[in-house]
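A look at the structure
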Amino acid sequence: MNDFEFRTVPSLISQTGAATRLGKIIRQEFPAISHVLLVTDAGFLRTGLVQPVIDSLETEQLKVSIFSDVIADPPEAIVLQAVANARDLQVELVVGLGGGSSMDVAKLIAILAGSDQSLATMYGIGNVKGKRLPLIQIPTTAGTGSEVTPISIVTTGATTKMGVVAPQLYADIAILDAQLTTGLPAKVTAATGIDAMVHAIEAYTTKHKKNPLSDMLAVQALKLLWNNIDEACSNGSNLAARQAMLLGAMLAGQSFANAPCAAVHALAYPVGGIFHVPHGLSNSLVLPHVLRFNASHAAELYAELAAIIAPEATGTAEQRCHAMIKAMEDLAVRVGIETRLSQVGITEKDLDQLASDAMLQTRLLGNNPREVTKEDARAIYAAAL
Ligand SMILES: [Zn+2]
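This text gives an overview of the structure that appears in the document. (Residues numbered from 1 in each chain as written. Predicted model: local features only at pLDDT ≥ 70, side-chain atom pairs only at ≥ 80, totals over all residues. Heavy atoms only, no water.)

1. Here we look at the layout of surface pockets
We apply this condition: Throughout, the protein atoms alone are placed on a 1 Å grid, and a set of points is a cavity if a 1.4 Å probe fits but cannot get out or a pocket if it is open with protein on both sides within 12 Å along at least five of seven lines; lining residues have an atom within 4 Å of a point. Grid points are joined across faces, edges and corners, and a volume is the space filled by probe spheres set on the points. Here a strand is any run of E in DSSP of at least two residues, a helix any run of H or I of at least four, and the numbering for each starts at the N terminus. Note on residue classes: Ala, Val, Leu, Ile, Met, Phe, Trp, Tyr, Cys and Pro are nonpolar, Asp, Glu, Lys and Arg are charged, and everything else, Gly too, is polar.
Put simply, the second largest pocket is a space of about 440 Å³. Forming the boundary of the second largest pocket are 18 residues, of which Lys 161, Met 162, Gly 163, Leu 360 and Gln 361 lie nearest the centre. Those elements giving two or more residues to the lining of the second largest pocket turn out to be β5 (124–125), β8 (161–165), α9 (263–275) and α13 (362–365). Per-element tally for the lining of the second largest pocket: the top contributor is β8, with 4 residues. Grouping the amino acids of the lining of the second largest pocket by side-chain chemistry returns 8 nonpolar, 7 polar and 3 charged.

Given below as structure tokens:
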């Protein structure tokens, strides 16, 4: 067994409707706080789902400020603008209320608003000094698991991204409330749900930090996600299915926060970075092809996951492994999302650049069960075309 460390957020609330108690929760956990910053995006603000959350804060006489300029793949400039805004307002507690981008920005606001350290010196692993403002994360998609990870991804150039990874980025409290995810369209539910499944699959097969806790979380995450994704996509108002998806995505987040992701994410990032394909869909597009590439080195582990994803499969580990890959491929077809890179505007001539960019994801590639060369990456993209 590998030596390992395990960290997660200290407090979790999984309860449909819990976000409408946010004011009370803050009053109880942080009695000295009087000014709260909600970090979200314009799209979520328009849904109206944010109003009951604001009401709950105001009922407790908490002053509320809102930063709603978060966009997908948040650029550094937006983060810095948000931090300046938070400093001017002298907010005391930060709430990330949105998808991965809003939660990632909330983490950095909480760190930077109370610190002299510059963002530029925080990129990488373990480079954050000092403390942060109190931080509560409330996801509005069941996907990234960012509410329980110590990672924030920032777009630093035209297509390049950098990550801040530090224990200070773990929130104080994560709140899972299915009510907030009911407005998500089926295709977004599908792609983000598959992303969460990828987190569990990659954590379960990660090369260096696989451990019994991350395995347990990945298995439970996959059960919840696999058993509820079809219903959540076809009947988006089913709160039980939505809550199960949020819980599954969170458990997968706890898993990969400690047993990190690998080549599926490494190959998905350039698809998102260059072609602006959403994170979940980018992962789903390359997933079966990376798993087939890995099969020679991870068939036994994939076969263990087939017990959840393709329970009808029998035969050798290799046969069950391939049944699992096929089941994930069929899922993408069934829920109606794109399944080929060519459907998102990628052509043969783009494959070299994709492969070159993927090789820059050394933080992720090092965790893959099988070594990936640039030629391998190109071949995987070609298979996904
Ligand atoms: Zn992901």
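2. A word on the coordination of the zinc ion
Counted only if it meets this: In this description, a donor is an N, O or S atom within 2.8 Å of the metal centre, a cutoff extended to 3.2 Å for sodium, potassium and calcium. Water is not part of the atom list, which can make sites seem incomplete. Every geometry call rests on angle ranges, with four donors termed tetrahedral when all angles are between 85 and 135 degrees, four termed square planar and six termed octahedral when opposite donors are over 155 degrees apart and all others are between 65 and 115, and everything else termed irregular. For each residue, the accessible area found with a 1.4 Å probe, counting protein chains only, is set against the maximum for its type, and the residue is called buried under 20%, exposed over 50%, and partly exposed in between.
Taken together, Asp 195 (OD), His 199 (NE2), His 265 (NE2) and His 279 (NE2) make up the full set of protein donors to the zinc ion, lying 2.1 to 2.2 Å away. Coordination at the zinc ion comes from 4 donor atoms whose angles at the metal span 91 to 161 degrees, giving a geometry best classed as irregular. Within one chain, the residues donating to the zinc ion are spaced in sequence as D-x3-H-x65-H-x13-H. A residue pair is termed long-range when its members are at least 10 positions apart, and His 265 in helix α9 and His 279 in helix α10 (residues 279–309) qualify at 14 residues. Taking the relative accessible area as the measure of exposure, His 279 reaches 28% and is therefore partly exposed.

3. Considerations on the environment of Glu 312
Relative to the helices and strands, Glu 312 resides in the loop between α10 and α11 (317–334). With relative accessibility at 61%, the residue Glu 312 sits in the exposed group. In the structure, Glu 312 is positioned 27 residues away from Thr 339 in sequence and 24 Å away in space, judged by C-alpha atoms.

4. Considerations on the sheet that holds strand β2 (residues 35–39)
Sheet strands line up and pair through hydrogen bonds in the backbone, either parallel or antiparallel. Worth spelling out the cut-off: DSSP calls a pair of strands paired once it identifies at least 2 bridges connecting them. Note on geometry: axes are lines fitted to C-alpha atoms, helical ones only across the stretch in contact, with angles between N-to-C directions running from 0 to 180 degrees. Whether two residues touch is decided by their heavy atoms; if any such pair falls within 4.5 Å, the residues are in contact.
Spatially, the 6 strands line up as an open sheet ordered β1-β9-β6-β4-β2-β3, and their pairing is parallel. Two strands lie at the open edges of the sheet, namely β1 (11–14) and β3 (63–67), each paired on one side alone. Strand after strand, the sheet turns through a mean of 20 degrees between neighbouring axes, direction not considered. As defined by bridge partners, β1 adjoins strand β9 (residues 173–176) across 4 bridges and the pair is classed as parallel. Paired with Ser 11 across the two strands is Ile 173, which belongs to β9. The strands touched by helix α4 (residues 76–89) are β2 and β3; relative to β3, the strand with the most contacts, the crossing angle is about 160 degrees.

5. Focus on the sheet that holds β8
One open sheet accounts for 3 strands, arranged β5-β8-β7; its pairing is mixed. The open sheet terminates on both sides in strands that have one partner only, identified here as β5 and β7 (151–155). Bridging between β5 and β8 involves 2 bridges; their strand directions are parallel. Paired with Gly 124 across the strands is Val 164, a residue of β8.

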